[in-house]
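# Descriptive structure summary
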Amino acid sequence: MVDSSHGDWLDRLFRLTGRTALITGASSGIGEHAARLFAGTGAKVVLAARTRTRVEALASEIVDAGGEALAVEMDVTDRDSVEFGVETAVRRFGGLDILLNNAGIARTDRYLDMSEEDWLAVLETNLSGVWRVGQLVARQMVSQESGGSIINVASILGLATQRRQANYAAAKAGVIQLTRTMALELGRRGVRVNAIAPGYVVTGINREFFDSERGREYVQGLFPGRPGELGELDGVLLLLAGAAGSYIQGVTIPVDGGALLGSL
Ligand code: NAI
């Protein structure tokens, strides 16, 4: 039985003090939000983006608020770039304890019309990128012998279907199985690997759709009747990142307001 009478009980479970978190795709949306969340709960954060200048202001904001942050350039489709970003982070902070494998793109089209280019681009960023960053960060975590937590950002579209999303849904389904196999191989080396499967959260990746008439109608028809707020991912992110999730391994947690219930 946990003794919750001590004031620091919640802190021990959810605070990330002393940990270093690398976040890919940190310049917008879920990545930017998670960077503020992790920094606000005590982690040193490495903000990775294809263009470093796009995360420098956020790094300054975190430092000005008393946190520690480093902006690094990282294109998840380019192994040299990922290696350089990871090395830069480790040089600065001495190691990595948390990875939010978040960078992703969408290129929607009907299956019959989709170009090779759009198919490959989405698979390369959303699946191979997660594999690549995960591998290089996991090697670092294993070498530290102090464990770590990797959170892969999947999607409900890795578990359900939607028209015009063959590339995205296939990549996200791949992320879910990749998460399980990473967990299987890394678990006994002290690294936990889990995924989140967000439902619809309005960000740069889908804002155009949700601002449209069709998008508004679509979301009203979904089970929750509204898109999620970024802050509604906080609980699951902190659960998986820190001590509260110490016995959670290889799972994908949907955060979708019930969209996956799929009632008829
Ligand atoms: P977003 O478009 O705001 O963020 C995606 C980020 O990834 C951007 O900062 C972008 O610059 C970065 N990125 C793209 N390609 C990259 C590359 N090659 N290297 C490095 N960074 C790259 O959209 P959002 O929503 O914040 O997306 C974050 C993750 O969440 C994605 O993996 C997305 O598939 C996933 N997701 C989003 C949902 C939503 O409704 N917004 C629902 C389910 C999953």
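What counts, and at which threshold
Residues numbered from 1 in each chain as written. Predicted model: local features only at pLDDT ≥ 70, side-chain atom pairs only at ≥ 80, totals over all residues. Heavy atoms only, no water. 1 Å grid on protein atoms, 1.4 Å probe; cavity = no way out; pocket = protein on both sides within 12 Å on 5 of 7 lines; lining within 4 Å. Points joined across faces, edges and corners; volume = space filled by probe spheres on them. Helix = DSSP H or I, 4+ residues; strand = E, 2+ residues; numbered from the N terminus. Nonpolar A, V, L, I, M, F, W, Y, C, P; charged D, E, K, R; others polar. Buried < 20%, exposed > 50% of the residue type's maximum accessible area, 1.4 Å probe, protein only. Phe/Tyr/Trp six-rings, centres within 6.5 Å; stacked < 30°, edge-to-face > 60°. Expected span 1.5 Å × (residues − 1). Bend = angle between axes of the 7 residues up to and from the residue.

Looking at the second largest pocket, its volume works out to about 270 Å³. Lining the second largest pocket are Trp 131, Gly 134, Gln 135, Ala 138, Arg 139, Val 142, Leu 178, Thr 181, Met 182, Glu 185, Leu 186 and Arg 189. Counting residues per element, the ones that place at least two in the lining of the second largest pocket are helix H5 (116-144) and helix H6 (166-186). Here the lining of the second largest pocket gets 6 residues from one element, more than from any other, and that element is H5. Tallied by class, residues from the lining of the second largest pocket come to 6 nonpolar, 3 polar and 3 charged.

It is worth spelling out unusual backbone geometry at this point. The phi dihedral of Glu 145 falls on the positive side, at around 60 degrees, and the residue is not glycine. Relative to the assigned elements, Glu 145 resides in the loop between H5 and strand S5 (148-153). In the Ramachandran plot, Arg 164 falls in the positive-phi region, its phi being about 70 degrees despite a non-glycine side chain. Relative to the assigned elements, Arg 164 resides in the loop between S5 and H6. With relative accessibility at 31%, the residue Arg 164 sits in the partly exposed group.

Counted according to the given criterion, the structure contains 4 aromatic pairs. An aromatic cluster of at least three residues, connected via ring pairs, comprises Tyr 200, Phe 209, Phe 210 and Tyr 218.

Glancing now at H5. Its 29 residues give H5 an end-to-end C-alpha distance of 40 Å, which sits within 8% of 42 Å, the value for a rise of 1.5 Å per residue. The largest bend along H5 measures about 40 degrees and falls at Ser 128. Downstream of H5 by a residue or two, Glu 145 has a phi angle that is positive, lying close to 60 degrees.

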